[in-house]
Amino acid sequence: FDLRTVAVLCSEQFDGSVGDVLSLQERMGQAIGFELQYALVQKERNARRSPLPKDPEVLALRVKATSILHTATTVPAIEDAKRLLDQALVLEPEYLGGVVALTRYYQRRFVLASHSEHDLAIADSLALFVLKKDTSAHFIHRMLFENAQLHKDTTRAEFEAKELIRLLPNDPYSYGTL
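Residues numbered from 1 in each chain as written. Predicted model: local features only at pLDDT ≥ 70, side-chain atom pairs only at ≥ 80, totals over all residues. Heavy atoms only, no water.

A. Representation of the nonpolar core. If you look at the biggest cluster of nonpolar residues, it comprises 29 residues, and the most contacted ones within it are Leu 85, Leu 102, Tyr 105 and Ile 140. Secondary structure elements with two or more residues in this core: α3 (56–71), α4 (75–91), α5 (96–114), α6 (117–133) and α7 (138–151). Discounting residues that sit within four places of it in the chain, Leu 85 has contacts with Arg 62, Ala 65, Leu 69, Gly 98, Ala 101, Leu 102 and Tyr 105. If you look at the next biggest cluster of nonpolar residues, it comprises five residues, including Phe 145, Ala 148, Ala 157 and Ala 161. (Core = buried A, V, L, I, M, F, W, Y, C linked by side-chain atoms within 4.5 Å. Buried < 20%, exposed > 50% of the residue type's maximum accessible area, 1.4 Å probe, protein only. Helix = DSSP H or I, 4+ residues; strand = E, 2+ residues; numbered from the N terminus. Contact = heavy atoms within 4.5 Å.)

B. Representation of the environment of Val 100 within the structure. Take Val 100: it is sitting in helix α5. Separated by 42 residues in the primary sequence, Val 100 and Arg 142 have C-alpha atoms spaced 9.9 Å apart.

C. Representation of the packing of α4 against α5. The interhelical angle for the contact between α4 and α5, taken along N-to-C directions, is 160°, at an axis separation of 10 Å. Here α5 runs roughly antiparallel to α4, going by the angle between their axes. Note on packing geometry: the crossing formed by α4 with α5 is left-handed. Judged by residue contacts, Val 75, Ile 78, Glu 79, Lys 82, Leu 85 and Leu 89 of α4 engage Gly 98, Val 99, Ala 101, Leu 102, Tyr 105, Tyr 106, Arg 108, Arg 109, Leu 112 and Ala 113 from α5. Here the residues of the contact of α4 with α5 sort into eleven nonpolar, one polar and four charged. (Axes fitted to C-alpha atoms, helices over the stretch in contact; angles between N-to-C directions. Parallel < 35°, antiparallel > 145°, perpendicular 65-115°, else oblique. Left-handed = near helix turned anticlockwise from the far one by under 90°. Nonpolar A, V, L, I, M, F, W, Y, C, P; charged D, E, K, R; others polar.)

D. Summary view of α3. Here α3 is 16 residues long and its end C-alpha atoms lie 23 Å apart, about the 22 Å a rise of 1.5 Å per residue gives. Within α3, the full set of buried residues consists of Val 58, Leu 61, Ala 65, Thr 66 and Leu 69. Down the axis of α3, the smallest arc covering the buried residues is 130°, so these residues share one side. Residues Pro 56, Lys 64, His 70 and Thr 71 are exposed on α3 and point more than 90 degrees away from its buried face. Where α3 is buried, its residues meet α4 and α5. (Expected span 1.5 Å × (residues − 1). Arc of directions from axis to C-beta.)

E. Highlighting the environment of Gln 87. Positionally, Gln 87 belongs in helix α4. It is 9.8 Å that separates the C-alpha atoms of Gln 87 and Glu 57, two residues lying 30 residues apart in sequence.

This is the structure in structure tokens:
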């Protein structure tokens, strides 16, 4: 028993069902494996999981644009986000997070306005460009997964979901996609 967190650390009894035990065992194994993959290899432990821009203003612009894109229900709102992303990418053209956010813009534009395969093709191209620069970034596979869903390509969506699970084995979003 941990008095600071009021949590049971170890017990000789388990008050759940057999399915709960197996689920708990699986989650513990995934969490341990996730942490070990970074602990065992020095290079991986020091690597950033999502690269940040050099200029803090670029990050602020991307964060603001992304928050608009997540809640936007109108075309003018997503166009405002696009202007912010354009500003960020003018300041720092190599910022991969900005390019991924631009992918999200084209996805939202497809859903809210155009319904044009051209917008999805642009989103795919941007995500694949970023993937060539950084193959380990889970957020790129998340964009590719969402593009596959918009294309109604279940085979590709399943592949990207499995990549998400491989890269972040204890992330609940990854499992929810399957």
